[in-house]
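Residues per chain, in single letters:
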Amino acid sequence: MEYKALITGSNSEMMDAFFKHMHQIETMTTSNRYGDVARHIKYFSPDIFVYCIYHETKEDYSKIVPIKHLLSKHKLPFVVVGSEEDCAEFERIAANITDFMIQDLSETDAIQKKLSTFLEEWREKEGLNKPEEPPVQPAEPEQPGQIPVMQPEQMPYIQPVPAGQMPYMQPMPPQPQPVPVAPHVPPVTQSVKTPAPPAKKPAADAGKPDKETAKKTPPVPRRKRKRRTVGRGRILVIDDNPLMLKVIKEHLHEEYDLATATSGQVALRFLQRRQVDLILLDYEMPDEDGPAVLKKLRANDKTMDVPVVFLTGISDRKKIQKALMLQPDGYLLKPIDHEKLISTIKQYID
């Protein structure tokens, strides 16, 4: 069975081997840029993504992390091919993101066989191997003077006609029935209760909506705040994970000016000197968590109006509701989806 492989990396010799010697694998190259990989996945529809590494830099590895999230979204396995030394360095910097790793580069036939075997097992585990449809049997030739017999699935569909109605004719309107005359009965006088006027609210509660009305009234959507900076827009990312900061930088550096902070204290000192248009705030941090930082931001005159969006790996519904009770301007689930991140930011930065 032939597969499609989307490949990238610095090992040009191995990438050439995919084209020249691995005839069971249709190959297309791409770069390590998120946008290029996304477009090639859309138009090439690969079965596997192969990263051919050779003395990659830390910057190269930081770019591959958001690509891994993109591959997971499309249920594409991520395979690394390289020397034992390069593979060990890759595992040290970007651990636990590969689905399969090949370190023996001596024979291309062996690499092709390993990839095919792994991909078959992967597709079986993910339920992507669909059973083949049985071949269609050719119809037997008709004999002279024989009327062909149609199978039920070959018969044309006929719209059923409701009972009492002729096909292609409008039903006749029902004829009015004579109304029977009821015997005269003297009217019975009943007292009509006039509904009591609504109770007036105390002066202290004047202007407040009723509880029932408040329940039915949807919350007013937040409006875009006035830009605080000039140019592309500045975003402050607060997260104690350096790798997550690199991922978000890779997503946003082409469109926005970014500043990063690994704690709330560092962020607050930065905000005393500089202005930003949006804050992306990690919900869970060791020393001072996101809710505590948000309270300080809202209590500070310089930052009380800056939009704040939580970044959280929590998927529990109750915990998310608890986070929303703090009234942030939004929240994004980790791992960060590129398109969702961009669309959320554009709600607050023109």
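Further up the page is the structure itself.
Here the structure is a predicted model, which means the values were calculated and not measured.

### So, empty space enclosed by the protein
1) Next: Tallied over the entire structure, the rule returns two cavities of 30 Å³ or more.
2) Next: Put simply, the largest cavity is a space of about 50 Å³.
3) Next: Tyr283, Phe310, Thr312, Ile314, Lys319, Ile320, Ala323, Leu324 and Tyr331 are the residues that line the largest cavity.
4) Next: Contributing elements (two or more residues each) for the lining of the largest cavity: β9 (308-312) and α10 (317-324).
5) Next: Looking at the lining of the largest cavity, the element that brings in the most residues is α10, giving four residues.
6) Next: Counted by class, the lining of the largest cavity contains seven nonpolar, one polar and one charged residues.

### Quick notes on the packing of aromatic side chains
1) Next: This structure, assessed with the given rule, holds eight aromatic pairs.
2) Next: Judged by centre distance (6.2 Å) and plane angle (40 degrees), the ring pair of Phe118 and Trp122 falls under tilted. Of this pair, Phe118 and Trp122 both sit in helix α5 (residues 108-126), four residues apart, roughly one helical turn. Comparing Phe118 with Trp122, the two get one shared label, buried.
3) Next: Through pairs of rings, three or more aromatic residues link up here, namely Phe49, Tyr51, Tyr61, Phe78 and Phe90.
4) Next: Lys4 extends its terminal NZ or CZ atom over the ring of Phe44, reaching a point 5.2 Å from the ring centre.

### Let's talk about a nonpolar patch on the surface
1) Next: A surface patch of nonpolar side chains, amounting to about 240 Å² of accessible area, comprises Leu324, Tyr331 and Leu333.
2) Next: Summarising the element assignment, Leu333 is placed in strand β10 (residues 330-333).

### Description of the pairing of strand β1 (residues 3-9)
Successive side chains on a regular strand alternate, one facing one side of the sheet and the next facing the other.
1) Next: By the criterion of burial, β1 is predominantly enclosed, with five of the seven residues buried.
2) Next: Inspection of the sheet shows β1 paired to strand β2 (residues 25-29) by five bridges, in the parallel sense. Residue Ala5 lies in a different strand from β2, and its bridge partner there is Thr27.
3) Next: One crossover worth recording links β1 to the parallel β2 by way of helix α1 (residues 12-20), and it is right-handed.

### Brief notes about the sheet that holds β10
1) Next: Read from one edge to the other, the open sheet built from five strands follows the order β7-β6-β8-β9-β10, with strand pairing classed as parallel. Two strands close off the open sheet at either side, each with one partner strand: β7 (257-261) and β10. For this sheet, the mean angle separating the axes of adjacent strands, direction not counted, is 20 degrees.
2) Next: Two elements, strand β6 (residues 234-238) and strand β8 (residues 278-282), share four bridges in a ladder whose sense is parallel. Along β8, the bridge assignment pairs Leu236 with Ile279.
3) Next: Against the sheet, helix α9 (residues 290-299) engages β6, β8 and β9, with an angle of about 175 degrees to β9.

### Brief notes about the nonpolar core
1) Next: By size, the foremost hydrophobic cluster in this structure holds 21 residues, and its most contacted members are Leu236, Ile238, Leu271, Val276, Ile279, Leu281 and Leu297.
2) Next: Sorting the residues of this core by element identifies β6, β7, α8 (264-273), β8, α9 and β9 as the ones contributing at least two each.
3) Next: The dominant element in this core, judged by the number of residues it contributes, is α8, at four residues.
4) Next: In this view, Leu297 contacts Leu268, Leu271, Ile279, Thr303, Met304 and Val308; residues no more than four positions away in its chain are not counted.

### A few points about the side chain of Arg123
1) Next: Mapping Arg123 onto the fold places it in helix α5.
2) Next: Classification of Arg123 as buried rests on a relative accessible area of 16%.
3) Next: Of note is the side chain of Arg123, whose polar atom sits 3.4 Å from the side chain of Asp47.

### Considering the sheet that holds strand β3 (residues 48-52)
1) Next: The strand order across the open sheet built from five strands is β2-β1-β3-β4-β5, with neighbouring strands paired in parallel fashion. A strand with exactly one partner marks an edge of an open sheet, and here the two such strands are β2 and β5 (100-102). Across the sheet, the mean angle separating the axes of adjacent strands is 25 degrees when strand polarity is ignored.
2) Next: Pairing of β1 with β3, which is carried by five bridges, proceeds in the parallel orientation. Counted as the bridge partner of Ala5 is Ile48 from β3.
3) Next: Across the sheet, α1 lies against β1, β2, β3 and β4 (78-81), angled at about 135 degrees from β2, the strand it touches most.
4) Next: In this fold helix α2 (residues 34-44) packs onto β1, β2 and β3, with an angle of close to 165 degrees to the strand it touches most, β1.

### Here's the deal with the packing of helix α3 (residues 58-73) against helix α4 (residues 84-93)
1) Next: For the pair α3 and α4, the least separation of the axes is 11 Å and the interaxial angle reads 60 degrees. It follows from the interaxial angle that α3 and α4 lie oblique. In terms of crossing hand, the pair formed by α3 and α4 is right-handed. Side by side, α3 and α4 meet where Lys58, Tyr61 and Ile64 of the first sit next to Asp86, Glu89, Phe90, Arg92 and Ile93 of the second.
2) Next: Per-class residue counts for the contact of α3 with α4 are four nonpolar, no polar and four charged.

Analysis parameters
Residues numbered from 1 in each chain as written. Predicted model: local features only at pLDDT ≥ 70, side-chain atom pairs only at ≥ 80, totals over all residues. Heavy atoms only, no water. 1 Å grid on protein atoms, 1.4 Å probe; cavity = no way out; pocket = protein on both sides within 12 Å on 5 of 7 lines; lining within 4 Å. Points joined across faces, edges and corners; volume = space filled by probe spheres on them. Helix = DSSP H or I, 4+ residues; strand = E, 2+ residues; numbered from the N terminus. Nonpolar A, V, L, I, M, F, W, Y, C, P; charged D, E, K, R; others polar. Phe/Tyr/Trp six-rings, centres within 6.5 Å; stacked < 30°, edge-to-face > 60°. Buried < 20%, exposed > 50% of the residue type's maximum accessible area, 1.4 Å probe, protein only. Lys NZ or Arg CZ within 6 Å of the ring centre and 35° of its normal. Patch = residues over 30% accessible without salt bridge, like charges linked within 9 Å, V, L, I, M, F, W, Y side chains within 5 Å. Areas by Shrake-Rupley, 256 points an atom, 1.4 Å probe, with all protein chains shown as cover. Salt bridge = Lys/Arg side-chain N within 4 Å of Asp/Glu carboxyl O. Pairing = 2+ DSSP bridges. Right-handed = clockwise from strand over helix to strand, strands pointing away. Axes fitted to C-alpha atoms, helices over the stretch in contact; angles between N-to-C directions. Contact = heavy atoms within 4.5 Å. Core = buried A, V, L, I, M, F, W, Y, C linked by side-chain atoms within 4.5 Å. Polar contact = N/O pair within 3.5 Å; in protein donor to acceptor, adjacent residues only side chain to side chain. Parallel < 35°, antiparallel > 145°, perpendicular 65-115°, else oblique. Left-handed = near helix turned anticlockwise from the far one by under 90°.

That's the geometry; what it means functionally is another story.
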